[in-house]
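The chain contents come next:
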Amino acid sequence: MKYNEYKNLSYPQIGDEVLQFWKDKKIFEASVDTREGAPTFTFFEGPPSANGTPGIHHVMARSIKDIFCRYKTLQGFQVKRKGGWDTHGLPVELQVEKELGITKDDIGKTISVEDYNEKCRQTVMKFTDQWNDLTEKMGYWVDLEDPYITYKSEYIESLWNLLKRLYDKGLLYKGYTIQPYSPAAGTGLSSHELNMPGTYKDVKDTTIVAMFKVTTPKTYQVFGNIAGVEDLDIRILAWTTTPWTLPANSALTVGANINYVLVKTFNPYTYEPVAVVLAKDLVGKYFSEKGQDGDFDGFAASDKKLLPWTILAEFKGKDLEGIAYEQLMPYIQPTIGPSDKPAFRVILGDFVTTEDGTGVVHTSPTFGADDFRVAQANGIPAIMVKDENGKEVPIVDRRGRFVKEITDYAGRFVKPEYYSDEEQNDPEFRPTDVLIAIKLKEEGKAFKVEKYEHPYPHCWRTDKPVLYYPLDSWFIKTTALKDRLVELNKTINWKPESTGTGRFGNWLENLVDWNLSRSRYWGTPLPIWRDDYGNEVCVGSIEELKDFLEEALLSGHLTKEQAFHNSEYLLKLQHGDFDLHRPYVDNIVLVSKDGHVMHREPDLIDVWFDSGAMPYAQWHYPFENQEIFNQSYPADFISEGVDQTRGWFFTLHAIAGMLFDSVAFKNVVSTGLVLDKNGNKMSKRLGNAVDPFQTISQYGPDATRWYMITNAEPWDNLKFNIDGIGEVQRKFFGTLTNTYNFFALYANLDGYEFHEATSVPVESRTELDRWILSKLNTLIKEVGEQFDDYNPTKAGRLVQDFVTDQLSNWYIRLNRRRFWNPSQESGQGLTEDKKAAYETLQHCLVTVSQLMSPIAPFFAEWLYKSLTDGDRAASIANNTGYQFDSVHLTYWPKIESSEIDLDLEESMELAQKISSLVHSIRKGHKLKVRQPLSKILIPVLSDKTKRQIEQVTSIILTEVNVKTVEFVHDDSGILKKKIKPNFKTLGPKFGPKMKEVAGAISAMTETEIKDIERSGAITLHTASSPIEIAISDVEIIAEDVPGWLVASEGGLTVALDITVTDELRLEGIARDFVNRVQNLRKDSGFEVTDKIRITLQNNDSLLATAVTSNKEYICQEVQALNLSLVGDLNGEAKEIEMDEFLLKVKIEVV
RNA sequence: GGGCUUGUAGCUCAGGUGGUUAGAGCGCGACACUGAUAAUGUCGAGGUCCGUGGUUCGAGUCCACGCAGGCCCA
């Protein structure tokens, strides 16, 4: 047997078998090796972390990656894809802590850093086996033999090298960020620690609405028009729940589009006249309605409980920008840096709301993250002091006390909770916030002081409130190259585009410096050593580290212990069994040129730097593989989830742009999420997560991949419904398998073999053959275009529609007769016609296997091999088409333009439409297809349509079981025409008069329609004026043939003669008879090739006549050698129901 | 709160540059076929195109404002 036939095909089994085949024959390796020397297509693998188990969304993400790599391989590119593992970072640490039942506090106490990191190293690869297993089973081709692993020394060395390059360019610097900090514990808190339950507690704080005095109001336009402005004491109101930050105030932030008002009133504590600025929406919060436009003159004499007030002016926040005010608590003057502007000004910020407060935010860059950001963006300096080493520090020390420069409160804790219980319980005790409130009231700088209850974060260790506090951090100065990064981004092809221009583009536009520092244990150490005297080195390689170590040892400035650690490490470096992680590198002490010892900055770097550096570090560049790197940079293609936009996509882009003035990737597909079928996020906790292993073992990898890819475009979220996979399996894979089996069944019966040299020339094949080949070539073109456009969804849908609608439902169905025509046994050999049919179908199927192979690699392989294995040896010998062992080693099919016949495609479309219309009429009149009818009438208004229909007439006739097609021409006089306005052309001409014109056109008489057809134009008279209509402004269709049954759709009309003549009736009965005999054959278990003898009991003259007069036809159809009518069958007959007869018949194999 | 994104039939999705009657598959109903048969085909029912305004002769499509979901960031 040449083509394997399959009963009860199991898709998971195909997966297993093909996987084994790939392994045995090393097909993946071959798919790379056979492209040696060809242009490369570079793909970067975004490394997953193997410390968790893979989920169904990984199948999705990796299918996308796999698809384009396979596609480009088919296109002839060499596509190397190195796998990788992300191994550092917080999730690993957390998992280890969970497993060991410890917290970060235990590190260095109950467990050494050394042991802790060792545990991380083991844990991080914990599920590697599962990942590898899934990778194989889902058919993701990636090199797992030699993956990059981010914790390896080579990898880290590359990172150090990149950091050194940044450092040398002055792009790596030490600054600070505002982070949650616990003075009681003396440590910063991660966002994870801040999200722990119980962290936020309701506390009652003293809050102050402070009054910031505007200097020289009349110089500002916004106040300029106010009468008597020079006499006003204008104060901007700003509310704070942390009064202790007021001495550090250096700006006020307002919302650009928020409405503010200037309100004339009195200071509620000093009763001095004043005019205050606050958000309009919040006026009601501070002023009672009774006081509006109240008695100003009589206020002094009143009990002063009711403040009179009146609105003097209203303006937008943006009108206030730049206004200067007097420093509220002038203990310390800001040091103005080179890029700074003066402090104590009004600036704009997007985080301002009118939910509470005054709509003006008191801004102290050292004690608020928003404050810091907005201040930096506006060049506002911070209020800082210098410590004993001349280093700038905030006005609150690390224990939470004011520094000495804040004379009134020097040494006081800013939060009462930092005092001991005893101190707090002293009746004389006043929290610092209260002292500040009193002082401001006395100075006439407070508008309102009150207690306010709100949630505030607390340190989970000490239970004391957290401060937002500036902590040292290392930064990459991404802002310095922002413009270039924006430029480079414009050259990247983003799918979808909006991620690139929107999410990513906006992110670049609003870029801040990249904070590299992480206070952790398991990660890449920052390779910077420094002392307290301004000396600093950045180590860029292991070689350098050796040199520095040697220098340090020779310097004589090390203690005994330091020298011991250093020489120990140096020895390890020399032997190659070193570890660049903590704690080992922490013990290295270097010595500066002027003889000071330098310690490593204790930070680790952001893991995103690890992954963003993979283009270089995966090859241990620049220490090794320079050539490979140069060939494979930048990447042609990457793909990850859209959530990576500010993660991996950014870090890749930033490093490439800053160090190599290049993009890191040219094309990127950012993928959406995989949700459950109800659109909820999948999570193990909710139990709605789908197990990828189970899915693949149940449905096989191909249906799973096909479903995920064709159901939604990659960047849309996918609502994953397992039933959808079943549907894809039945609909697409089932149909395709059936189609193949159909081919195999008859090809084997006929002993068909493919010989390229003697194949039937395309031009001498049938209409249907040429049509499907034309469709096929169109398909190749379109699928290629979609893959080129990185749209696998559209590509897959095109293939699927071709297979189900065109190939199976039209080509195969209409050609069945050709295939089962028993030419071989009747001694004719394989006729030219049959051969053409096999060749056409086989070619279609092989091509389909290629087109679908990127998406469904296993099934495509199975299909390809089933179709071509038998021809392999000959093909190799003759260097012809089917020489490749695997579909994945073939080359993308060439588009044979000469085989594309769009006119024929249109013809066939007409045939399909006409057939459908006839079926519809038959249906409406309960005329089953088996009853032949005599005539279809098709009105045609153009010669082209007529010719196109004529080309496929025979196909239509067989499909709908009608004897003839007749065309009704325009001049026959029996057509009834309908005229419709063509709005597209009429629109520009008539515009507003459209309704009138459309009405006039619809009302045209038969004569007028003839007129416009003849002369190409006509003048119509509407109510207002005569109008000129051209033939192109209307659409004329023949929609009715009076006296006939008619159906029409889209301008195509079909009329059907439903008269059943006696002759047709007999023929119908004969067909019915054939049908019953066929059933009987099948029920009796005869072989398809068996010849039979039929004996029919003559008990009805109509039936007898029908059978006799169609005897030849019947015999041929049911392969009867003999058909006889007898008087009585003596009970040997089978009784079968026909519509109106009781059939008594006997069949036997001859 | 901000940026991006999605909303069309019971479900999953199509619907260049606006053109009047909005499509497909599944599901559902009916029928046909019975030599692709645990297949297959045909026909049918099913829609306030998230809402409200606006632009236009004409809006599923363009604009504005909302509502609901998603992601990222605060």
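Computed from a predicted model, the values in this text were never measured in an experiment.

> How do you make sense of the overall build of chain A when you look at a structure like this?
Of the regular secondary structure elements, chain A holds 39 helices and 40 strands. Over its C-alpha trace chain A gives a radius of gyration of 42 Å, far above what one expects of a compact globule, namely 32 Å for 1150 residues. Along the three orthogonal principal directions, the C-alpha set of chain A runs to about 130 × 90 × 55 Å. A separation of at least 24 residues holds for 76% of the contacts in chain A among residues at least 6 apart in sequence. Accessible surface, chain A as shown: approximately 51,100 Å² in total, 48% of it carbon and sulfur. Across chain A, the centroid of the 129 positively charged side chains sits 3 Å from that of the 167 negatively charged ones.

> What exactly am I supposed to notice about the protein's contact with RNA strand B here?
Neighbouring RNA strand B are 46 residues; R503, N711, R930, F983 and N1075 lie closest to it. A share of 65% is what sugar and phosphate atoms reach among the atoms of RNA strand B within 4 Å of the protein. Contact distances for RNA strand B include 2.8 Å between a sugar or linking oxygen and a side-chain N or O atom of N506. No other element matches helix α26 (residues 792–820), which puts eight residues into the surface near RNA strand B. Here the residues of the surface near RNA strand B are counted per class, giving 10 nonpolar, 16 polar and 20 charged.

> What's the story with the pairing of strand β31 (residues 976–981) in this structure? I'm lost.
Within a regular strand, the side chains alternate between the two sheet faces. Burial of β31 is one-sided: the residues K977, I979 and P981 facing one way are buried, the residues K976, K978 and K980 facing the other way are not. When β31 meets strand β34 (residues 1034–1040), the two strands line up antiparallel, connected through six bridges. Along β34, the bridge assignment pairs K980 with E1035.

> Please explain the nonpolar core as it appears in this structure.
What tends to happen in soluble globular proteins is that the nonpolar side chains get buried as a cluster. With 124 residues, the main nonpolar core has F733, F743, M852 and I936 as its most contacted residues. When residues of this core are assigned to their parent elements, the largest contribution, 11 residues, is made by helix α24 (residues 722–750). Counting 69 residues, the second-largest nonpolar core is a separate cluster that includes I156, I476, F504 and L549.

> How should I be thinking about the UniProt feature "short sequence motif: 'HIGH' region" (unreviewed entry) in chain A in this particular structure?
When the UniProt feature table is mapped onto this chain, "short sequence motif: 'HIGH' region" (unreviewed entry) is found at residues 48–58. In residues 48–58, helix accounts for 27% and strand for 0%; the two terminal C-alpha atoms are 9 Å from one another.

> Whenever I open this one, empty space enclosed by the protein confuses me. Can you help?
In this approach the atoms are scanned with a rolling probe the size of a water molecule, which exposes any empty space left behind. Counted by the stated rule, this structure contains one cavity of 30 Å³ or more. Of the volumes computed, that of the largest cavity is approximately 60 Å³. In this structure, the largest cavity is lined by G89, L90, R518, R520, W522, G523, L604, I605, D606 and V607. Classifying every residue of the lining of the largest cavity gives five nonpolar, two polar and three charged.

> Please explain the sheet that holds strand β16 (residues 467–476) as it appears in this structure.
Within a sheet, neighbouring strands are paired by backbone hydrogen bonds and run either parallel or antiparallel to one another. Read across the sheet, four strands follow the order β4-β3-β16-β18 without closing on themselves; strand pairing throughout is antiparallel. Here the strands that pair on one side only, and so sit at the sheet edges, are β4 (187–188) and β18 (514–515).

> I keep staring at the sheet that holds strand β35 (residues 1045–1049) and nothing clicks. Help me out?
The strand order β30-β29-β36-β35 describes an open sheet built from four strands, whose pairing is mixed. One side of each edge strand has no neighbouring strand; the edge strands of this open sheet are β30 (962–968) and β35. The mean angle between the axes of side-by-side strands here comes to 25°, regardless of whether they run parallel or antiparallel. Bridge count for strand β29 (residues 933–939) against β30 is six bridges, and the pairing is parallel. Looking across to β30, one finds that I936 is bridged to V965.

> It is not clear to me how the domain arrangement of chain A should be interpreted in this structure. Could you clarify?
Reports of interface size often rely on the accessible area that becomes lost once the parts have come together. Split into domains, chain A comes out as domain 1 (11–156 + 610–702), domain 2 (203–381 + 446–455), domain 3 (527–602), domain 4 (705–900), domain 5 (977–1038) and domain 6 (1062–1149). Just the C-alpha atoms count here: the centres of domain 1 and domain 5 sit 64 Å apart.

> So what exactly am I meant to see when it comes to the packing of helix α31 (residues 902–924) against helix α33 (residues 953–960) here?
Each packed pair of helices is defined by two parameters, the angle between the axes and the distance between the axes. Packing of α31 against α33 leaves a shortest axis separation of 9 Å and a crossing angle of 30°. As the angle between them shows, α31 and α33 are arranged roughly parallel. In the crossing of α31 with α33, the sense of the turn from one axis to the other is right-handed. Facing α31, whose interface residues are M908, A911, I914, S915, V918, H919 and R922, α33 presents I955, I956, E959 and V960.

> Quick question: what am I supposed to make of the pattern of salt bridges here?
Where side chains of opposite charge bring their charged atoms close, a pairing between them can arise. Tallied over the full model, the rule gives 58 salt bridges. Between R872 and D869 there is a salt bridge, with the nearest N and O atoms lying 2.7 Å from each other. On the basis of relative accessible area, D869 is assigned to the partly exposed category, the value being 37%. The closest approach of N and O atoms between D1072 and R1076, which form a salt bridge, is 3.8 Å.

> Can you walk me through the packing of aromatic side chains in this structure?
Remark: the centre distance and the inter-plane angle together describe each pair of aromatic rings, the angle taken between the planes. Counted by the stated rule, this structure contains 73 aromatic pairs. Residues Y173 and F475 carry aromatic rings whose centres are separated by 5.4 Å and whose planes lie at 20° to one another, so their mutual orientation is stacked. Of this pair, Y173 sits in strand β3 (residues 172–182) while F475 sits in strand β16; the two residues are 302 residues apart in sequence, bridging distant segments of the chain. For Y173, a relative accessible area of 23% gives the class partly exposed. Exposure remark for F475: the relative accessible area of 6% places this residue in the buried category. Summarising the aromatic geometry, the rings of Y286 and F447 are spaced 6.5 Å apart at their centres and angled 65° between planes, so their arrangement reads as edge-to-face. With Y286 in helix α10 (residues 283–286) and F447 in strand β15 (residues 446–457), this residue pair connects regions lying 161 residues apart in the sequence. Owing to a relative accessible area of 4%, F447 belongs among the buried residues under this scheme. Of note, R35 hangs over the ring of Y891, and the distance from its end group to the ring centre comes to 4.0 Å. Above the face of the Y456 ring, K415 is positioned so that its terminal group lies 4.5 Å from the ring centre.

> Explanation requested: the confidence of the model for chain A in the structure shown.
The predicted coordinates of low-pLDDT regions are not to be read in fine detail. On average, residues of chain A score 87 in pLDDT, and 98% of them are at 70 or above. Both scores are given for the predicted complex: the pTM is 0.86, the ipTM 0.88.

> Whenever I open this one, helix α38 (residues 1101–1109) confuses me. Can you help?
Count 3.6 residues to each turn of an α-helix, and residues three or four apart come out pointing the same way. Residues of α38 that are buried: L1103, A1104, A1106 and V1107. The buried residues of α38 occupy an angular sector of 165° when the element is viewed end-on, so they sit on one face.

> I tried to follow the environment of A747 on my own but got confused; where do I start?
Along the polypeptide, A747 turns up in helix α24. Look at A747 and you get buried, because its relative accessible area is 0%. Counting along the chain gives 105 residues from A747 to M852, while the straight-line C-alpha distance between them is 23 Å. Beyond its immediate sequence surroundings of up to four residues, A747 is in contact with Y3, Y752 and Y838.

> So what exactly am I meant to see when it comes to unusual backbone geometry here?
Most of the time, phi is negative for any residue but glycine, and the peptide bond is trans. Following K495, the chain continues into P496 via a peptide bond in cis, with omega recorded as -5°. Of note, the bond from Y633 into P634 is cis; its omega dihedral lies within 30 degrees of zero at -5°. Unusually for a residue other than glycine, H620 sits at a positive phi of about 55°. Here H620 shows up in the loop between α20 (614–617) and α21 (626–631). Given a relative accessible area of 10%, H620 falls into the buried group. The backbone phi angle of N961 is positive, close to 55°, even though this residue is not glycine. Turning to its location among the elements, N961 is positioned in the loop between α33 and β30. Judged by relative accessible area, which is 6%, N961 ranks as buried.

Rules of the game
Residues numbered from 1 in each chain as written. Chains lettered and ligands numbered in written order. Predicted model: local features only at pLDDT ≥ 70, side-chain atom pairs only at ≥ 80, totals over all residues. Heavy atoms only, no water. Helix = DSSP H or I, 4+ residues; strand = E, 2+ residues; numbered from the N terminus. Rg over C-alpha atoms; globule rule 2.2 N^0.38 Å. Contact = heavy atoms within 4.5 Å. Areas by Shrake-Rupley, 256 points an atom, 1.4 Å probe, with all protein chains shown as cover. Lys, Arg positive; Asp, Glu negative; His and termini not counted. Charge placed at Lys NZ, Arg CZ, Asp CG, Glu CD. Near = heavy atom within 4 Å. Polar contact = N/O pair within 3.5 Å; in protein donor to acceptor, adjacent residues only side chain to side chain. Nonpolar A, V, L, I, M, F, W, Y, C, P; charged D, E, K, R; others polar. Buried < 20%, exposed > 50% of the residue type's maximum accessible area, 1.4 Å probe, protein only. Pairing = 2+ DSSP bridges. Core = buried A, V, L, I, M, F, W, Y, C linked by side-chain atoms within 4.5 Å. UniProt positions renumbered as here; feature names shortened; annotations may be inferred. 1 Å grid on protein atoms, 1.4 Å probe; cavity = no way out; pocket = protein on both sides within 12 Å on 5 of 7 lines; lining within 4 Å. Points joined across faces, edges and corners; volume = space filled by probe spheres on them. Axes fitted to C-alpha atoms, helices over the stretch in contact; angles between N-to-C directions. Domains from an automatic or database assignment. Parallel < 35°, antiparallel > 145°, perpendicular 65-115°, else oblique. Left-handed = near helix turned anticlockwise from the far one by under 90°. Salt bridge = Lys/Arg side-chain N within 4 Å of Asp/Glu carboxyl O. Phe/Tyr/Trp six-rings, centres within 6.5 Å; stacked < 30°, edge-to-face > 60°. Lys NZ or Arg CZ within 6 Å of the ring centre and 35° of its normal. pLDDT = per-residue confidence, 0-100. Arc of directions from axis to C-beta.

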